[in-house]
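What the coordinates show
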Amino acid sequence: KSEPVIETLWKRGRQLRRGLREAIERSANPVYLEGAPVHQRLRFEDETLGRTFAACMASRGILWHPQCCNVSYSHTEAQIERVVEAAEASIMELSA
């Protein structure tokens, strides 16, 4: 009751969404961002790339489920930015 949990979830989710959209715009692969900011999914036209993307993220220290991504109240702006940077690098790796 005393913490802005819901507002923070949506704020972090919108931050993640903005970063993922920017990364997608630079991608050569057909990839789509779906869902609400607090529960979103990257969907690749080639479904095997979702698992490959998750492996690329893991190699960068980020655990990413191929089917969805949920933000947490404990995530900081800096952590979300780190996820965005890893996602952009991973998407670019898939495009290479």
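Each remark here, short or long, concerns the structure printed above.
Now for a description of the structure that goes with this document. (Residues numbered from 1 in each chain as written. Predicted model: local features only at pLDDT ≥ 70, side-chain atom pairs only at ≥ 80, totals over all residues. Heavy atoms only, no water.)

Looking at the sheet that holds strand β3 (residues 69–70)
Strand order across the open sheet formed by three strands is β1-β2-β3, with antiparallel pairing between neighbours. For this open sheet the edge positions go to β1 (31–36) and β3, each flanked by a neighbour on one side alone. Here β1 pairs with strand β2 (residues 39–44) via six bridges, running antiparallel. Among the inter-strand pairings, Leu33 is bridged to a residue of β2, identified as Leu42. (Pairing = 2+ DSSP bridges. Helix = DSSP H or I, 4+ residues; strand = E, 2+ residues; numbered from the N terminus.)

Let's talk about the packing of aromatic side chains
Applying the stated criterion to the full structure yields two aromatic pairs. Measuring from ring centre to ring centre gives 5.6 Å for Phe44 and Phe53, while their planes differ by 45°; the resulting arrangement is tilted. Ring centres of Phe53 and Trp64 lie 5.5 Å apart, and the angle between their planes is 85°; this geometry places the pair in the edge-to-face category. Of this pair, Phe53 sits in helix α2 (residues 48–59) while Trp64 is found in the loop between α2 and β3, placing the two residues eleven residues apart along the sequence. Across this residue pair, the class does not change: Phe53 and Trp64 are buried. Cluster of aromatic residues (ring-pair linked, three or more members): Phe44, Phe53 and Trp64. (Phe/Tyr/Trp six-rings, centres within 6.5 Å; stacked < 30°, edge-to-face > 60°. Buried < 20%, exposed > 50% of the residue type's maximum accessible area, 1.4 Å probe, protein only.)

What is shown is where atoms sit, not what they do.
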